[in-house]
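Structure assessment
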Amino acid sequence: MDFGIKNRLSKIFSPKTGRTVMLAVDHGYFQGPTTGLRDMKNIVPLVPQADCLFVTRGILRTSIDPATGTSICLRVSGGPSILGELSNEDITTSMEEALRLNASGVGMSIFVGAKNEDRTISNLGRLINEAQRYGMPVLAITAVGKEMARDGRYLGLACRMAAEIGANIVKTYYCEDFHKVVEGCPVPIVIAGGKKLPEMDALQMTEDAIRAGARGVDMGRNIFQSDSPAGMMKAVRAIVHKGATAREAFDIYQAGRKKASAAEAVDENENKNMEKV
Ligand code: R5P
């Protein structure tokens, strides 16, 4: 692996722990203004807590401070909306654009077992061929779509295929026997969070995934749809980078939640006092 790819990967995976907390906020590219991402201002305070932000170029340009110290992994595929055939994706953002935006990686979905499986795999191959030329790591995302069976056999197949085509990182969902998915995949795996779960369940899933060999998370809804997104970021970081248990992380989340409620109460009081003036 050449210097450029290694250097960029070190902006995604912490050189201290070898792991990453990526914050996924790309959902709008096919879901529109998803709950929690309607106003991207809500995301801004979370960005410094992430090792890497997984985002489209549109949101990067409009909503993210260019002086951010958080690295960027750019979602470069798209096409169909949630109303259409999700596997009908193509590459939507050029490598030149990814370089101009100073991305540390680019990411796209593959749809193994879906209608356009073969096209998404050849798109991945083409993206990797181009990315290699510029020292740009590629993240392949597997198993998006409600109809996909998210079991070890399917995820093992999809992750291995992504790695064989040449992806540097694979993002997939957690499942039972996840260690087998990790064992069969020669490149780092990060987990997506999936749909919003109770906070304790999301933290338990994170702990289980890390114990099974995941190198981190690329998590969205379980953070930005939480009643304390900042608390959840801290809690997930504690598991990924410090080896905290889900129980310990849950206490961190709750502390963040209390802090946020206290700050809201102060704001409310100040507003009431202002009304009197
Ligand atoms: C989905 O297509 C996107 O790639 C998301 O980035 C990914 O699913 C992670 O977000 P979440 O944790 O909300 O599943």
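One structure accompanies this document, and this report is about it. (Residues numbered from 1 in each chain as written. Predicted model: local features only at pLDDT ≥ 70, side-chain atom pairs only at ≥ 80, totals over all residues. Heavy atoms only, no water.)

Below, the discussion takes up the overall build of the chain. A tally of helices and strands in the chain yields 11 helices and 10 strands. Contacts in the chain between residues far apart in sequence, at least 24 positions, make up 65% of those at least 6 positions apart. Carbon and sulfur atoms make up 51% of the accessible area of the chain, which totals about 13300 Å². A distance of 2 Å separates the average location of the 35 positive side-chain charges in the chain from that of its 32 negative side-chain charges. (Helix = DSSP H or I, 4+ residues; strand = E, 2+ residues; numbered from the N terminus. Contact = heavy atoms within 4.5 Å. Areas by Shrake-Rupley, 256 points an atom, 1.4 Å probe, with all protein chains shown as cover. Lys, Arg positive; Asp, Glu negative; His and termini not counted. Charge placed at Lys NZ, Arg CZ, Asp CG, Glu CD.)

Before going further, it helps to spend a moment on the pairing of strand β1 (residues 20-24). Here is the key point about a regular strand: its side chains alternate between the two faces of the sheet. Burial of β1 is extensive: five of the five residues sit out of reach of the surface. Burial of β1 is two-sided: the residues Thr20, Met22 and Ala24 facing one way and the residues Val21 and Leu23 facing the other way are all buried. In this structure, β1 lies alongside strand β10 (residues 216-219), joined through four bridges in parallel fashion. Considered in β10, the bridge of methionine 22 is made with aspartate 218. Note: β1 against strand β2 (residues 52-55), three bridges, orientation parallel. Its bridge partner being in β2, leucine 23 is matched across the sheet by leucine 53. (Buried < 20%, exposed > 50% of the residue type's maximum accessible area, 1.4 Å probe, protein only. Pairing = 2+ DSSP bridges.)

Although it is not a glycine, asparagine 102 sits at a positive phi angle of roughly 60°. Within the secondary structure, asparagine 102 is located in the loop between α4 (95-100) and β6 (105-110). In this model, aspartate 177 sits at a positive phi of 55°, which is unusual for a non-glycine residue. By relative accessible area, which is 39% here, aspartate 177 ends up partly exposed.

Right, let's get into the site of the ligand. Surveying the vicinity of the ligand reveals 16 residues, the closest of which are Asp26, His27, Lys171, Gly220 and Arg221. In this structure, an oxygen atom belonging to the ligand sits 2.8 Å away from a main-chain N or O atom of glycine 193. Backbone polar atom of glycine 194 to an oxygen atom of the ligand: 2.9 Å apart, as the coordinates give it. Calculation on the ligand without its partners gives an accessible area of 360 Å², and the protein chains cover 99% of this total. (Near = heavy atom within 4 Å. Polar contact = N/O pair within 3.5 Å; in protein donor to acceptor, adjacent residues only side chain to side chain.)

This part is about the environment of cysteine 52. Mapped onto the secondary structure, cysteine 52 falls in strand β2. Apart from residues lying up to four places away in sequence, cysteine 52 is in contact with Ile12, Val21, Met22, Leu23, Thr70, Ser71, Ile72 and Cys73.

Considering all chains together, one arrives at three aromatic pairs under this definition. Taking 5.4 Å as the distance between ring centres and 45° as the angle between the ring planes, the aromatic pair formed by phenylalanine 250 and tyrosine 253 counts as tilted. Taken together, the positions of phenylalanine 250 and tyrosine 253, both in helix α11 (residues 246-276) and three residues apart, correspond to about one turn of that helix. We classify tyrosine 253 as buried; its relative accessible area is 3%. A cation over an aromatic ring shows up here: arginine 150 above the ring of tyrosine 173, its NZ or CZ 3.6 Å from the ring centre. (Phe/Tyr/Trp six-rings, centres within 6.5 Å; stacked < 30°, edge-to-face > 60°. Lys NZ or Arg CZ within 6 Å of the ring centre and 35° of its normal.)

Let us now look at the pattern of salt bridges. Counting across every chain of the model gives 15 salt bridges. In this structure, arginine 57 engages glutamate 97 in a salt bridge whose closest nitrogen and oxygen atoms are separated by 3.0 Å. A residue pair is termed long-range when its members are at least 10 positions apart, and arginine 57 in helix α3 (residues 57-63) and glutamate 97 in helix α4 qualify at 40 residues. The salt bridge involving arginine 160 is made with glutamate 164; its shortest N-O contact spans 2.6 Å. (Salt bridge = Lys/Arg side-chain N within 4 Å of Asp/Glu carboxyl O.)

What follows deals with the layout of surface pockets. Its volume calculated, the second largest pocket comes out at about 350 Å³. Along the wall of the second largest pocket there are 17 residues; nearest its centre are Thr68, Thr70, Ile72, Leu101 and Asn102. Looking at the lining of the second largest pocket, the elements with two or more residues in it are α1 (3-12), α3 and β3 (71-75). A per-class count over the lining of the second largest pocket returns six nonpolar, seven polar and four charged. (1 Å grid on protein atoms, 1.4 Å probe; cavity = no way out; pocket = protein on both sides within 12 Å on 5 of 7 lines; lining within 4 Å. Points joined across faces, edges and corners; volume = space filled by probe spheres on them. Nonpolar A, V, L, I, M, F, W, Y, C, P; charged D, E, K, R; others polar.)

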